[in-house]
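Chains, contacts and geometry: an overview
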Amino acid sequence: MPLRTTKHWFGVVLDAPDASALAHFYERLLGWTLFRDTPSWATLAPSDTHGYNLSFQTEPNYVRPVWPSEPGRPIMMLHLDLEVDDLDAAVAYAVELGAVLAGFQPQEDVRVMLDPAGHPFCLYVDRD
């Protein structure tokens, strides 16, 4: 039997040293609605009918990942791909909110960013 239920799908959970602070960053970045905001857990979604697609959990032992990976250092376990209309404008906006442009950029049409907790996320324009 599949695990799917009639309940809302929760999506992805990112650990962070401060769940609320990281949730507020993504709330502003994505323009989504913050549905739950506590010191230990926060959830975001595009609307109240989409489930909670991005959640954040405070992890007191959180260690910031490095990207690109390096032997013996904490690596990213996942990253978010976010399609945008204007790559340069999206990068500028993300930086304004507290993201950092990663030092290594493997593709010309994608920008790897680091959120305030160090999680990599990619901004890209779909040219197809």
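Residues numbered from 1 in each chain as written. Predicted model: local features only at pLDDT ≥ 70, side-chain atom pairs only at ≥ 80, totals over all residues. Heavy atoms only, no water.

Taking an unreviewed UniProt entry as the reference, the protein is identified by name as VOC family protein belonging to Terrabacter carboxydivorans.

1. With respect to the packing of aromatic side chains
The way to describe two aromatic rings as a pair is by their centre distance and the angle between their planes. Per the counting criterion, the structure on display carries five aromatic pairs. A network of ring pairs unites the aromatic residues F25, Y26, F56 and F121 as a single cluster. (Phe/Tyr/Trp six-rings, centres within 6.5 Å; stacked < 30°, edge-to-face > 60°.)

2. Re the sheet that holds strand β6 (residues 100-101)
Reading across from one edge, β5-β8-β7-β6 is the order of the four strands in this open sheet, with mixed pairing throughout. The open sheet has two free edges, formed respectively by β5 (80-83) and β6, since each of these has just one partner strand. Bridging between strand β7 (residues 110-114) and strand β8 (residues 120-124) involves five bridges; their strand directions are antiparallel. Its bridge partner being in β8, M113 is matched across the sheet by F121. (Pairing = 2+ DSSP bridges. Helix = DSSP H or I, 4+ residues; strand = E, 2+ residues; numbered from the N terminus.)

3. A closer look at the nonpolar core
Core analysis: the biggest nonpolar cluster contains 27 residues, and F25, Y26, L29, F56, F121 and L123 have the highest contact counts within it. The set of elements that each furnish at least two residues to this core consists of β1 (12-16), α1 (19-30), β3 (41-45), β4 (54-58), β5, α2 (87-97) and β8. At six residues, the largest contribution of residues to this core is made by α1. In terms of nonpolar packing, the next biggest core, distinct from the first, is built from five residues, V110, V112, L114 and C122 among them. (Core = buried A, V, L, I, M, F, W, Y, C linked by side-chain atoms within 4.5 Å. Buried < 20%, exposed > 50% of the residue type's maximum accessible area, 1.4 Å probe, protein only.)

4. Details of the pairing of β5
With burial as the criterion, only one face of β5 is covered, namely that bearing L80 and L82; the residues D81 and E83 on the opposite face remain uncovered. Relative to β8, β5 is paired through four bridges, and the arrangement is parallel. Across the sheet, D81 pairs through a bridge with C122, a residue of β8.

5. Let's talk about α2
L87, A90, V91, A94 and L97 are the residues of α2 that are buried. Projected down its long axis, α2 shows its buried positions confined to an angular sector of 125 degrees, all on one face. The exposed set on the far side of α2, more than 90 degrees from its buried face, consists of D88 and E96. Buried residues along α2 sit in contact with α1, β6, β7 and β8. (Arc of directions from axis to C-beta. Contact = heavy atoms within 4.5 Å.)

6. Remarks on the sheet that holds β1
Across the sheet, four strands lie side by side as β1-β4-β3-β2; this open sheet has mixed pairing. Unpaired on one side and paired on the other, β1 and β2 (33-37) mark the two borders of the sheet. The sheet shows a mean angle of 20 degrees between the axes of neighbouring strands, direction not considered. Sheet topology places β2 next to β3; four bridges connect them, and they run antiparallel. Residue D37 lies in a different strand from β3, and its bridge partner there is A42. Helix-sheet contacts for α1 involve β1, β2, β3 and β4, and the interaxial angle to β4 is about 160 degrees. (Axes fitted to C-alpha atoms, helices over the stretch in contact; angles between N-to-C directions.)

7. A few points about a negative patch on the surface
A grouping of E83, D85, D86, D88, D126 and D128 is seen on the molecular surface, where their side chains present a negatively charged patch. Here D128 shows up in the segment after β8. (Patch = residues over 30% accessible without salt bridge, like charges linked within 9 Å, V, L, I, M, F, W, Y side chains within 5 Å. Areas by Shrake-Rupley, 256 points an atom, 1.4 Å probe, with all protein chains shown as cover. Salt bridge = Lys/Arg side-chain N within 4 Å of Asp/Glu carboxyl O. Lys, Arg positive; Asp, Glu negative; His and termini not counted. Charge placed at Lys NZ, Arg CZ, Asp CG, Glu CD.)

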